[in-house]
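Per-entry structural report
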There are 2 protein chains.
Amino acid sequence: MRESEIIRMFIEEFDNHALGDDAGFVRFNDSWLLVTSDMLVWRTDVPDFMTPEEAGKKVVTMNVSDIAAMGGLPLAFFFSLGVPENTDEKTLRGIAKGINKGAKEYGVKIVSGDTNEAREIIIDGGAIGRGSRLLLRSNAKPGDLVCVTGELGRPLTALLLWLKGEEIPPKILEKAKNPKAREREGIELSNYANSAIDISDGLSKELWEIARSSNVRIVIDEDKIPVNEEVREIVKDPIKIALASGEEFELVFTIPKENLGNISFDFTIIGRVEEGEGVYIKREDKMERLPILGWEHLKGGDYVNL
Amino acid sequence: MRESEIIRMFIEEFDNHALGDDAGFVRFNDSWLLVTSDMLVWRTDVPDFMTPEEAGKKVVTMNVSDIAAMGGLPLAFFFSLGVPENTDEKTLRGIAKGINKGAKEYGVKIVSGDTNEAREIIIDGGAIGRGSRLLLRSNAKPGDLVCVTGELGRPLTALLLWLKGEEIPPKILEKAKNPKAREREGIELSNYANSAIDISDGLSKELWEIARSSNVRIVIDEDKIPVNEEVREIVKDPIKIALASGEEFELVFTIPKENLGNISFDFTIIGRVEEGEGVYIKREDKMERLPILGWEHLKGGDYVNL
């Protein structure tokens, strides 16, 4: 079974759940309490260009990013470790230092930790946050502009170069080793945007998530996609890479035009929300239905080539 | 490194944490927000007498129990799965059904789920809850009575019989397959008790946790330990089994004598809290320092024999 099939089957079985967005939520006093968990399996998720410290920090980033994508204030981080018996202390201490670094950077308290013997190193992290107005995937409205923070393409470019055994330019490697969650941007957007999602699986997949959940059509403009400059210089099809690159932790959001002036940070308008269904991309004069580019862990998926 | 050493090292590295109790906590509006996570590794934690459904439910129970031991109201459950590629759908669906059953039994909403490819089946669960007055391990006071809910010994007896390949009597198997968290008792105790802990690693270990964290001496009476009747009939040293048996999910609590009359559920007084240090057990006329009986996953530990 593919990961998405497994999750669908679990949702079928559950009577009372809040699954299907970046983080789950329950009412808590007068706020929304947000909860997310995200597992890092060392063997498949940590390329050897990453240090244990970078991997530890990344687990915090992945989870804080999910809280940010809901428009929440991250409050706390927690984790469970799976540790093979022969794991050296240096690796474990590096992971601990990285978790601490991430927790400091995002201002979250570490509230729970658990360790277990396992066949491979697994760091399952989670975060909780508080929200007032939530940025659900299902709330994009026709007329909204579609925007994205930052520049795209570096994490996938780094991964593809690494898989080929080629040298990775430092500026490209930087984001693959040390991605950042957009936690301040998420909080600000909670006042003005209609929907948001973080780019963990690639822009094309995230756009489809919003379009499907909100029952809208999304139309983006190929020329507007903010591809990183270094990526543009070295890859054959920079747009494809930017659409497929995951673990960016940038935010994609949809926002009414009249609220744009309230946003204090940099972002790029890449398209708009319309009535209808699906995700479309304008290339020169043609309009094409956008395929989902990227991969799912269980299947290996369709790797995009350099 | 042993599990306890790994956790100690992580705590050394962390600047801002709330580790060291059953669940972590952060202030949230006017309440305490409680968070816990607990990982189940199929190969080591799920004996083959358990069904996938029972294992799924147990993960909910383990985590709800940690919230209960803090005196909190459980609100939500979340999980991440590690799944080998060849896992059959029946097993996964069983796990899903079990999680749903647990969530219904304890009245918690399922708020986050994540799945990943891994070398073995791992269910990392977590729970969040709300507390007003927390039952910390570190708050036992000299003069308190030491009490425990339920009866002890069945989970370890079942495990030892299973390891020997012997038949497990149904009444003993029952608690090993389907343990229950004491979530109502925990909420009630939050008004009256000074400290509490759930029995996940065995009564002797939990008593040591309270004594060390609270800087007190605990003295228990061997004759008062509530050993399950079936266990008493078939094992050589029932007291040893009751002291070592983990995954009971009973609550050990310390409470001022004058508050005992307020408690509406059944429990057993097994000893008292005094000034001093350590955990002692009265056997007939002798007083002995109580060793920690039980095991830690990474080392195999000292199994108690039947």
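First, a word on scope: everything that follows refers to the structure included in this document. Bear in mind that the values here come from a model prediction, so they are computed numbers and not experimental data.

Right, let's talk about the overall build of chain A for a bit. For chain A, the helix and strand inventory stands at ten helices and twelve strands. In terms of overall dimensions, chain A is globule-like: its C-alpha atoms have a radius of gyration of 19 Å, near the 19 Å expected for 306 residues. Principal axes of the C-alpha set define a box for chain A whose edges measure 60 × 55 × 40 Å. Counting over 306 residues, chain A shows a buried share of 55%. Restricting the contact set of chain A to residue pairs at least 6 apart, pairs at least 24 apart contribute 85%.

Residues and elements named next belong to chain A. As summarised here, the arrangement of the five strands in space is S1-S2-S5-S3-S4, forming an open sheet in which the pairing is mixed. Edge strands, defined here as strands with exactly one partner in the open sheet, are strand S1 (24–28) and strand S4 (109–117). Across the sheet, the axes of successive neighbouring strands diverge by a mean angle of 20°, strand direction being ignored. Across nine bridges, strand S3 (residues 73–83) lies against strand S5 (residues 122–131) in antiparallel orientation. In the strand pairing of S5, Ala 76 is matched with Ile 128.

With that out of the way, let us pick up the sheet that holds strand S4 (residues 109–117) of chain B. Residue and element names in this part refer to chain B. Read from one edge of the open sheet, five strands run S1-S2-S5-S3-S4, paired in mixed fashion. Each of the sheet's edge strands pairs with one partner strand only, and the pair in question is strand S1 (24–28) and S4. For this sheet the average axis-to-axis angle between neighbouring strands, irrespective of direction, equals 20°. The pairing of S1 with strand S2 (residues 31–41) spans five bridges and is antiparallel. Its bridge partner being in S2, Gly 24 is matched across the sheet by Val 35. Helix H3 (residues 52–68) rests against S2, strand S3 (73–83) and strand S5 (122–131) of the sheet, and its axis sits at about 35° to S5. Helix-sheet contacts for helix H4 (residues 89–106) involve S3, S4 and S5, and the interaxial angle to S3 is about 170°.

Criteria and thresholds
- Residues numbered from 1 in each chain as written.
- Chains lettered and ligands numbered in written order.
- Predicted model: local features only at pLDDT ≥ 70, side-chain atom pairs only at ≥ 80, totals over all residues.
- Helix = DSSP H or I, 4+ residues; strand = E, 2+ residues; numbered from the N terminus.
- Rg over C-alpha atoms; globule rule 2.2 N^0.38 Å.
- Buried ≥ 20, exposed ≤ 12 C-beta atoms within 10 Å, placed from the backbone.
- Contact = placed C-beta atoms within 7 Å.
- Pairing = 2+ DSSP bridges.
- Axes fitted to C-alpha atoms, helices over the stretch in contact; angles between N-to-C directions.

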